[in-house]
Number of protein chains: 2
Amino acid sequence: MAVRLKDIARDLGISTVTVSKVLRGNSDVGDKTRARVLKRMKELNYQPNMLARGLASGKTYTVGLVVPDLVHPFFAEFAKSLSGELRKTHRALLLASSEEDPVIEMQEIRTLLQRGVDVLIIASCQAVLKNFYELGDNRTPYLLFDRNFPHLAANFIGNDDVVVGEMATRHLIDLGRTRIAHIGARYSSPAFDRLRGYRNALAAAGLPADEDLVVTRERVEEAGDLVGNAMMRDLLKLKPRPDAVFCYNDTTAIGAIEAVLEAGLRVPEDVAIIGCGNLRYAAYLKVPLSAIDQNTTELGKRAAQVAVELAEKPQAELKCIMIPPKLVARESTVGKRRKRTPLNA
Amino acid sequence: MAVRLKDIARDLGISTVTVSKVLRGNSDVGDKTRARVLKRMKELNYQPNMLARGLASGKTYTVGLVVPDLVHPFFAEFAKSLSGELRKTHRALLLASSEEDPVIEMQEIRTLLQRGVDVLIIASCQAVLKNFYELGDNRTPYLLFDRNFPHLAANFIGNDDVVVGEMATRHLIDLGRTRIAHIGARYSSPAFDRLRGYRNALAAAGLPADEDLVVTRERVEEAGDLVGNAMMRDLLKLKPRPDAVFCYNDTTAIGAIEAVLEAGLRVPEDVAIIGCGNLRYAAYLKVPLSAIDQNTTELGKRAAQVAVELAEKPQAELKCIMIPPKLVARESTVGKRRKRTPLNA
DNA sequence: ATGAAAGCGCTAACAC
DNA sequence: GTGTTAGCGCTTTCAT
């Protein structure tokens with residue numbers, strides 16, 4: 001059996017309460033007693049039982065995270081950053097992957113809530129989020145991440161995706177492109193906002209908004225390269241064909257580039273392509289990929305901070321945090337004239 | 001406050017014990033009583049408090065995983081697969097990333113054990129694993145993953161890395177290459193075994209084992225591309241220079257390819273290069289990368305199964321599971337004559 | 001088939 | 001400063 005508070009108390013002839021107080025750094029303990037307790041704890045290599053603490057105190061020092069796909073570099077990067085930041089506060093991360101399936105997502109949320117996570121961070125794939133309240137009268141605070149639900153007054157952290165769309169499209173405009181297409185996703189706030197940004201930028205530049213140039217398909221997240229490839233092939237059939245494409249994410253962009261090359265055209269000379277996410281290996285692709293970097297590491301850090309705040313003060317004021325994105329131009333838009341951007345820059 | 005067993009018992013005029021039995025599917029409950037309990041549970045949307053259950057029963061239905069780097073596709077893929085499989089058994093995943101730092105790793109292990117994980121799965125970055133026992137007299141069963149410690153009698157799951165090395169090297173030999181180099185890692189069982197496999201294959205083919213052709217460096221995991229690039233540059237200075245390289249992983253391979261191209265040479269004509277891991281985007285790289293696929297999804301599935309077994313029967317016989325790797329040949333070794341292998345194949 | 005009693009390891013609230 | 005009492009929500013054991 002593991003060492004318990006009780007063991008230390010017995011050894012020292014004091015009460016468990018005092019030991020507990022020392023454990024938690026409570027100030028109302030005599031210096032001598034504190035020293036003796038700490039010494040004994042070290043000797044016995046005492047490890048507190050967080051289950052018991054959680055049950056008694058209502059705080060588990062645990063954060064739950066639900067993402068649609070752990071392998072997606074964006075979510076993996078976020079999870080890593082979040083986890084690293086939580087470690088500094090001695091909190092643990094309960095992680096679940098919903099596979100972009102709302103039903104699985106609900107199940108995972110339930111699992112996490114049953115474990116008493118202090119906060120829930122979630123990039124939800126629900127179409128509507130009213131279901132969130134059907135999970136019992138649970139008062140666990142939550143933080144929406146990446147995907148927002150405008151009609152829901154909730155804590156949110158993500159990028160300003162309107163800016164993402166504007167930034168990408170503006171970049172293509174600045175390069176002199178005039179027939180700019182958009183390969184988008186559906187049913188999520190980032191998809192919707194990036195599209196809006198795209199339109200804003202076109203309008204601001206006085207370019208026409210040709211609806212043929214906007215194509216979308218469901219489930220862009222999973223096999224994005226294949227989807228991107230298919231959609232690009234559709235776009236290439238248009239006359240005149242687009243001379244640039246802003247893709248919803250990097251994987252669709254990769255597929256799109258492939259389609260352009262397969263059609264015997266050049267990137268970026270015939271069609272410039274920009275993605276979003278800034279994959280770790282973007283610089284090593286057949287055509288090094290330009291992309292909007294989401295600053296994912298910062299996103300994870302800030303999310304951890306908000307999570308800790310929520311854990312400590314569940315009724316805090318609503319937070320809505322937008323991390324500014326950043327343009328990383330590589331060959332897929334600017335061609336070979338610039339020097340190669342180093343990895344992850 | 002959330003609904004408790006007690007509430008249901010009170011509503012129905014029965015004891016909490018009976019309700020608890022229904023909850024756990026215990027058979028010694030009358031059909032009528034069971035039905036009433038289940039009905040009421042549904043009505044109130046009862047969610048069991050797993051902390052309380054864990055404290056009382058000693059089982060938390062939680063598995064801990066520690067990986068060196070969550071963003072590394074191999075570990076991300078593994079975590080995803082593991083998590084998906086655990087979900088089927090209603091278990092949760094506590095995840096931690098050690099950043100390839102033994103000190104952080106110990107801290108994370110402690111954090112997980114304090115939360116009472118039923119099993120610990122770990123790709124450890126410790127040089128020696130005796131420290132494992134210093135974490136208290138904890139009897140939590142653990143499963144080593146990817147990185148083995150031969151002198152430690154422990155459960156293990158991973159690839160047979162000797163076979164990985166042989167398979168990769170053999171592939172290069174079959175292509176007629178005779179001066180085959182190896183860019184390796186250090187201080188881990190996969191690194192060591194892949195090197196052994198490399199040597200085995202050379203010996204079996206009657207090729208000389210030139211020690212100049214084996215280069216290693218620390219911390220290949222993090223910025224693998226840069227490390228691979230630097231090591232390849234070293235190799236290219238040799239006379240005669242190598243005509244093929246087996247790289248420890250895909251990221252070093254990417255860097256190595258870059259170095260070859262920067263030197264004005266061709267891949268694979270001048271230098272054939274093969275990696276290990278089979279990145280999701282391997283097919284879309286400048287030179288589509290040949291690699292040994294580690295069958296990571298299967299690895300995660302089997303790990304989950306073993307974890308569940310260990311959770312239920314901690315004293316089970318030691319398991320040592322080797323998932324067979326698979327060769328995926330692309331342009332970086334065989335050139336353009338073959339058809340492109342589809343993504344993730 | 002059902003339940004009473006005891007307790008998992010800890011903390012909160014209040015005495016002294 | 002220190003200790004007492006009383007739980008947190010559940011399971012276990014052993015009566016009946």
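What counts and how
Residues numbered from 1 in each chain as written. Chains lettered and ligands numbered in written order. Predicted model: local features only at pLDDT ≥ 70, side-chain atom pairs only at ≥ 80, totals over all residues. Heavy atoms only, no water. Helix = DSSP H or I, 4+ residues; strand = E, 2+ residues; numbered from the N terminus. Buried < 20%, exposed > 50% of the residue type's maximum accessible area, 1.4 Å probe, protein only. Contact = heavy atoms within 4.5 Å. Areas by Shrake-Rupley, 256 points an atom, 1.4 Å probe, with all protein chains shown as cover. Lys, Arg positive; Asp, Glu negative; His and termini not counted. Charge placed at Lys NZ, Arg CZ, Asp CG, Glu CD. Pairing = 2+ DSSP bridges. Axes fitted to C-alpha atoms, helices over the stretch in contact; angles between N-to-C directions. Near = heavy atom within 4 Å. Polar contact = N/O pair within 3.5 Å; in protein donor to acceptor, adjacent residues only side chain to side chain. Phe/Tyr/Trp six-rings, centres within 6.5 Å; stacked < 30°, edge-to-face > 60°. Buried area = accessible area lost by both parts, 1.4 Å probe. Salt bridge = Lys/Arg side-chain N within 4 Å of Asp/Glu carboxyl O. UniProt positions renumbered as here; feature names shortened; annotations may be inferred. Expected span 1.5 Å × (residues − 1). Least-squares fit on C-alpha atoms with pLDDT ≥ 70 in both. Parallel < 35°, antiparallel > 145°, perpendicular 65-115°, else oblique. Left-handed = near helix turned anticlockwise from the far one by under 90°. Nonpolar A, V, L, I, M, F, W, Y, C, P; charged D, E, K, R; others polar. Domains from an automatic or database assignment.

- Under an unreviewed UniProt entry, the name given to chain A is Transcriptional regulator, LacI family, and the organism recorded is Bryocella elongata.

1. Digging into the overall build of chain A
Moving on, step 1. Of the regular secondary structure elements, chain A holds 12 helices and 12 strands.
Moving on, step 2. In terms of its C-alpha atoms, chain A occupies a principal-axis envelope of roughly 85 × 45 × 35 Å.
Moving on, step 3. Scored against the burial criterion, the 345 residues of chain A give a buried share of 59%.
Moving on, step 4. In chain A, 69% of the contacts between residues at least 6 apart in sequence involve partners at least 24 apart.
Moving on, step 5. Roughly 14700 Å² of accessible area belongs to chain A as shown, and the carbon and sulfur atoms make up 52% of that amount.
Moving on, step 6. A gap of 7 Å separates the mean positions of the 49 positive and 42 negative side-chain charges of chain A.

2. Some thoughts on the sheet that holds strand β9 (residues 272-277) of chain A
Residues and elements named next belong to chain A.
Moving on, step 1. Read across the open sheet, the 6 strands follow the order β7-β6-β8-β9-β10-β12; overall the sheet is mixed. If you trace the sheet from one side to the other, it starts and ends with β7 (214-216) and β12 (326-328), each paired once. Put simply, the sheet's adjacent strands are angled 20° from each other on average, direction ignored.
Moving on, step 2. Here strand β10 (residues 290-293) runs beside β12; their pairing, made up of 3 bridges, is antiparallel. Considered in β12, the bridge of Ile292 is made with Leu327.
Moving on, step 3. Against the sheet, helix α8 (residues 189-204) touches β6 (180-184), β7, β8 (244-247) and β9, its axis set at about 170° to β6.

3. Things to note about the protein's contact with DNA strand D
Moving on, step 1. Around DNA strand D sit 24 residues in total, of which Gly30(A), Thr33(A), Leu5(B), Ser20(B) and Tyr46(B) are the nearest.
Moving on, step 2. Within the side chain of Thr18(A), a nitrogen or oxygen atom sits 3.0 Å from a phosphate oxygen of DNA strand D.
Moving on, step 3. The side chain of Arg24(B) places a nitrogen or oxygen atom 2.8 Å from a phosphate oxygen of DNA strand D.
Moving on, step 4. Those elements that provide at least two residues to the surface near DNA strand D are α2 (16-23) and α4 (50-57) of chain A together with α2 (16-23) and α4 (50-57) of chain B.
Moving on, step 5. If one sorts the elements of the surface near DNA strand D by residue count, α4(B) sits on top with 4 residues.

4. Focus on the packing of aromatic side chains
All names here are of chain A.
Moving on, step 1. If you walk through the whole model with that rule in mind, you get 8 aromatic pairs over all chains.
Moving on, step 2. Taking 5.8 Å as the distance between ring centres and 25° as the angle between the ring planes, the aromatic pair formed by Phe74 and Phe145 counts as stacked. One end of the pair, Phe74, is in helix α5 (residues 73-87); the other, Phe145, is in strand β4 (residues 142-145), with 71 residues separating them in the sequence.
Moving on, step 3. Phe74 sits in the buried class, given a relative accessible area of 7%.
Moving on, step 4. On the basis of relative accessible area, Phe145 is assigned to the buried category, the value being 0%.
Moving on, step 5. A connected cluster of aromatic rings, assembled from ring pairs, spans Phe74, Phe75, Phe78 and Phe145.

5. Observations regarding the sheet that holds strand β11 (residues 320-323) of chain B
Moving on, step 1. The 12 strands are arranged β11(A)-β5(A)-β4(A)-β3(A)-β1(A)-β2(A)-β2(B)-β1(B)-β3(B)-β4(B)-β5(B)-β11(B) in an open sheet whose pairing can be described as mixed. The sheet terminates laterally at β11 (320-323) of chain A together with β11 of chain B, the two strands that pair on one side only. Taking the axes of each pair of neighbouring strands and ignoring which way they run, one obtains an average angle of 20° across the sheet.
Moving on, step 2. Bridge analysis of strand β1 (residues 62-67) of chain B against strand β2 (residues 92-97) of chain B gives 6 bridges, and the strand direction is parallel. Across the sheet, the residue bridging to Val63(B) is Leu93(B), located in β2(B).
Moving on, step 3. Along the sheet, helix α6 (residues 102-114) of chain A contacts β1 (62-67), β2 (92-97) and β3 (119-122) of chain A together with β2 of chain B; its crossing angle with β1(A), the most-contacted strand, is approximately 175°.

6. Some thoughts on the protein's contact with DNA strand C
Moving on, step 1. The environment of DNA strand C is made up of 24 residues, and the closest members are Leu5(A), Ser20(A), Tyr46(A), Gly30(B) and Thr33(B).
Moving on, step 2. If you look at DNA strand C and keep only atoms within 4 Å of the protein, 71% of those are sugar or phosphate atoms.
Moving on, step 3. Between Tyr46(A) and DNA strand C, the recorded distance is 2.2 Å, taken from a side-chain N or O atom to a phosphate oxygen.
Moving on, step 4. Lys21(B) is positioned with one of its side-chain polar atoms (N or O) 2.9 Å from a base oxygen of DNA strand C.
Moving on, step 5. Taken together, the elements giving at least two residues each to the surface near DNA strand C come down to α2 and α4 of chain A together with α2 and α4 of chain B.
Moving on, step 6. Ranked by the residues each element gives to the surface near DNA strand C, the list is headed by α4(A), at 4 residues.

7. Quick word on the pairing of strand β10 (residues 290-293) of chain B
All names here are of chain B.
Moving on, step 1. Taking every second residue as pointing to the same face, both faces of β10 are buried, with Ser290 and Ile292 on one and Ala291 and Asp293 on the other.
Moving on, step 2. As paired strands, strand β9 (residues 272-277) and β10 are joined by 4 bridges and run parallel to one another. Residue pairing across strands places Ile274 opposite Ser290, the latter belonging to β10.

8. Quick look at the interface of chain B and chain A
Moving on, step 1. In this complex, chain B contributes 60 residues to the contact, which on the side of chain A involves 59 residues.
Moving on, step 2. Summed over both partners, the interface of chain B with chain A comes to about 5500 Å²; 55% of that surface belongs to carbon and sulfur atoms.
Moving on, step 3. Interface area lost by chain B to chain A is led by Leu51(B), Arg87(B) and Tyr284(B), which between them contribute 14%.
Moving on, step 4. If you look at where chain B meets chain A, you find 8 salt bridges.
Moving on, step 5. Here Lys80(A) and Asp69(B) are joined by a salt bridge, their closest N and O atoms 3.0 Å apart.
Moving on, step 6. There are 22 residue pairs in polar contact (both at pLDDT 80 or more) connecting chain B and chain A.
Moving on, step 7. Contributions of two or more residues to the side of chain B that touches chain A are made by α4, α5 (73-87), β2, α6 (102-114), α9 (224-236) and α10 (250-262) of chain B.

9. Quick notes on the UniProt feature "domain: HTH lacI-type" (unreviewed entry) in chain A
Moving on, step 1. The UniProt feature table records "domain: HTH lacI-type" (unreviewed entry) at residues 3-57 of chain A.
Moving on, step 2. Note that residues 3-57 of chain A is 69% helix and 0% strand, and that its end C-alpha atoms are spaced 20 Å apart.

10. Here's the deal with helix α8 (residues 189-204) of chain B
All names here are of chain B.
Moving on, step 1. Between its terminal C-alpha atoms α8 stretches 22 Å, which fits the 22 Å expected from 16 residues at 1.5 Å a residue.
Moving on, step 2. All of the buried residues along α8 are Ser189, Pro190, Ala191, Asp193, Arg194, Leu195, Gly197, Tyr198, Ala201 and Leu202.
Moving on, step 3. The inward-facing, buried residues of α8 contact α7 (161-174), β6 (180-184), β7 (214-216), β8 (244-247) and β9.
Moving on, step 4. Gly206 occupies a position one or two residues after α8 and carries a positive phi of about 75°.

11. Section: the relation of the copies chain B and chain A
Moving on, step 1. The transformation that overlays chain B on chain A combines an axial shift of 0.0 Å with a rotation of 180°, and the residual RMSD is 0.1 Å. Both copies of the chain, as the preceding transformation shows, are related through a two-fold rotation axis.
Moving on, step 2. Mapped onto chain A, 98% of the interface residues of chain B again fall at the interface, so both copies present the same surface.

12. Let's talk about the packing of helix α7 (residues 161-174) of chain A against α8(A)
The geometry of a pair of packed helices is captured by two quantities: the angle between their axes and the separation between those axes.
Residue and element names in this part refer to chain A.
Moving on, step 1. Contact pair α7 / α8: the axes reach a minimum separation of 6 Å and the direction vectors enclose 40°. What the angle tells us is that α7 and α8 run oblique. The handedness of the crossing between α7 and α8 is right-handed. For the pair α7 and α8, contact is made by Asp161, Val162, Val164, Gly165, Glu166, Thr169, Arg170 and Ile173 and by Pro190, Asp193, Arg194, Arg196, Gly197, Tyr198, Asn200, Ala201 and Leu202, respectively.
Moving on, step 2. Per-class residue counts for the contact of α7 with α8 are 7 nonpolar, 4 polar and 6 charged.

13. Thoughts on the domain arrangement of chain A
Moving on, step 1. You can read the domains of chain A as domain 1 (5-48), domain 2 (60-159 + 296-323) and domain 3 (161-294 + 328-334).
Moving on, step 2. The C-alpha-based centres of domain 1 of chain A and domain 3 of chain A are spaced at 61 Å.

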